[in-house]
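Each chain is listed here by its residues.
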Amino acid sequence: MNIKHKAKIGIIGLGRIGLPLLAVFAKKKNYVVGLDINQEKIKNLKKTFQADFYEPQLNNILECCKNRIEFTSDYNYLMKECDSIIVIVGTPLLNNSTPNFNDLEKVVDLIGSHLRRDQTIILKSSVFPGVTREVAKKLEKKSGLRAGDDFYVAFCPERVIEGKVVEELSSLPKIIGGINQKSLNKAGAIIKKLGGKIVKASSPEVAEICKLVDNTYRVANISFANEVGLICEKIGIDSYEVVSAVNKFYDRTDLFLPALGAGGPCLSKDPQILSYFAKNSNINSKIIDACIKGNKESTIRVARIAFNFLKKKIIKNPNVSLIGLAYKGRPETDDIRSSPAIDIFDFLGKKMKNINFQYYDPLVRDFSNK
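All of the points below concern the structure found in this document. (Residues numbered from 1 in each chain as written. Predicted model: local features only at pLDDT ≥ 70, side-chain atom pairs only at ≥ 80, totals over all residues. Heavy atoms only, no water.)

Side note on the packing of aromatic side chains
For the structure shown, the criterion picks out ten aromatic pairs. Considering the side-chain rings of F49 and F71, the 5.5 Å spacing of their centres and the 55 degrees angle between planes classify their relative orientation as tilted. You can see F49 sitting in the loop between helix 2 (39-48) and helix 3 (58-64) and its partner F71 sitting in strand 3 (residues 69-72), a full 22 residues away along the chain. Overall, F49 belongs to the buried group, its relative accessible area being 9%. What makes F71 buried here is its relative accessible area of 6%. The aromatic ring of F307 is capped on one face by K351, whose charged end is 5.6 Å from the ring centroid. (Phe/Tyr/Trp six-rings, centres within 6.5 Å; stacked < 30°, edge-to-face > 60°. Helix = DSSP H or I, 4+ residues; strand = E, 2+ residues; numbered from the N terminus. Buried < 20%, exposed > 50% of the residue type's maximum accessible area, 1.4 Å probe, protein only. Lys NZ or Arg CZ within 6 Å of the ring centre and 35° of its normal.)

Observations concerning the pairing of strand 7 (residues 174-178)
The buried fraction of strand 7 is high, at five of five residues. Neither face of strand 7 is left uncovered, since the one carrying K174, I176 and G178 and the one carrying I175 and G177 both have all their residues buried. For strand 6 (residues 152-155) and strand 7, the ladder comprises two bridges, and the chain directions are antiparallel. Along strand 7, the bridge assignment pairs F155 with G177. Across three bridges, the pairing between strand 7 and strand 8 (residues 198-200) is parallel. Residue pairing for strand 8: I175 is matched across the bridge by V199. (Pairing = 2+ DSSP bridges.)

Focus on the nonpolar core
Core analysis: the largest hydrophobic core is formed by 39 residues, its most contacted members being I12, I85, V87, I111 and L139. If near-sequence neighbours (up to four positions away) are discounted, I12 is found in contact with L35, Y75, L78, I85, I86, V87, I88, V89, V107 and I111. Listed in part, the 38 residues of the second largest apolar core include V24, A26, C65 and I88. (Core = buried A, V, L, I, M, F, W, Y, C linked by side-chain atoms within 4.5 Å. Contact = heavy atoms within 4.5 Å.)

Describing the pattern of salt bridges
By the definition in use, this model includes 21 salt bridges. Salt-bridge contacts for D335 lead to R16; the nearest nitrogen and oxygen are separated by 3.5 Å. Placement of the pair is D335 in the loop between strand 9 (319-323) and helix 13 (340-351) and R16 in the loop between strand 1 (8-12) and helix 1 (18-27), with a sequence separation of 319 residues. Given the relative accessible area of 2%, D335 is considered buried. Linking R116 and D83 is a salt bridge whose minimum nitrogen-to-oxygen distance equals 3.5 Å. Pair noted here: R116 is in the loop between helix 5 (102-114) and strand 5 (120-123) and D83 is in the loop between helix 4 (75-81) and strand 4 (84-87), with a separation of 33 residues, a long-range link. (Salt bridge = Lys/Arg side-chain N within 4 Å of Asp/Glu carboxyl O.)

Description of the pairing of strand 5
Across the two faces of strand 5 the burial is the same, with T120 and I122 and I121 and L123 all buried. For the crossover that starts at strand 4, traverses helix 5 and ends in the parallel strand 5, the hand is right-handed. Taken together, the four bridges between strand 5 and strand 6 define a ladder with parallel strand orientation. If you follow L123 over to strand 6, its bridge partner there is F155. (Right-handed = clockwise from strand over helix to strand, strands pointing away.)

Side note on unusual backbone geometry
Following R330, the chain continues into P331 via a peptide bond in cis, with omega recorded as -10 degrees. By the secondary structure assignment, P331 is in the loop between strand 9 and helix 13. The residue K29 is not glycine, and still its phi comes out positive at about 75 degrees. Position of K29 among the secondary structure elements: in the loop between helix 1 and strand 2 (31-35).

Written out as structure tokens, the structure is:
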């Protein structure tokens, strides 16, 4: 379906954030084109207008707004049709915890080949400070156009949580940093269409680090809460009662409850990107590194307790049930990326070769290819 309309917004990367982002723009009466290199995903979206993952409200919006939505894998078509393009592709970590921007670089190269005057490029992928300006330079080199004058570039970090993506895209404040004032204004006008307040940063570098700081703050809180839990356990008092008491009627404190370590694609990754950036800037990030380590150890500690129990009881062929496979349960999601369940599964599987696992999660359909 080819929708003839002047102003279209292009979304590159139709994952768990990109597809809901497209849907919310469409719900707000905007015409959108979604691009993904996964041909099977595009084929399914064109046919069904249904997501291949769980996110409340998403499928209903896609169905109701399909007359304003197009899907494609053709960069030439997207760049020809759209006046603004939002990039939200993955930036995973390599085995040595180094950020992998290969997919982002490929997207930038393809955008640059088709870039035309007056287009606005907004990056949302998790990166460290300086990447957006480098992207602008690469687009200049590829297109022969001048960033900030002929086309516009900005960074707008995503802050939503899975299970509430549709709701929060319309309500949460959006931080935006442009490479110049024109870029900031252009990007701000586009992002404002979603709803929620706009927080204008003085530069893309400020906006880039805000995403990393947001998630590292939460990991720090989780790591601290779990350490408090260990102390309380050692001296025989209820850590949940402690947390409840210090938080109650006291706005200065907002301590999390002790539990497993943080999982998911953002909380497991963004602190490591911030740590990587700090080290490459010759900064010793002791607190951040300690939080990353403490977060990982919190989950492995639970796995170690289970292992020691099985070993003590001398159970030869133990059956272990993993109840809850997604990386979080409130709000619900079916995303198992960097799930604590995987860490526990891997730890016990390496320690005990004869272990049998059973799984249950109300939303996760397949755990076999974790």
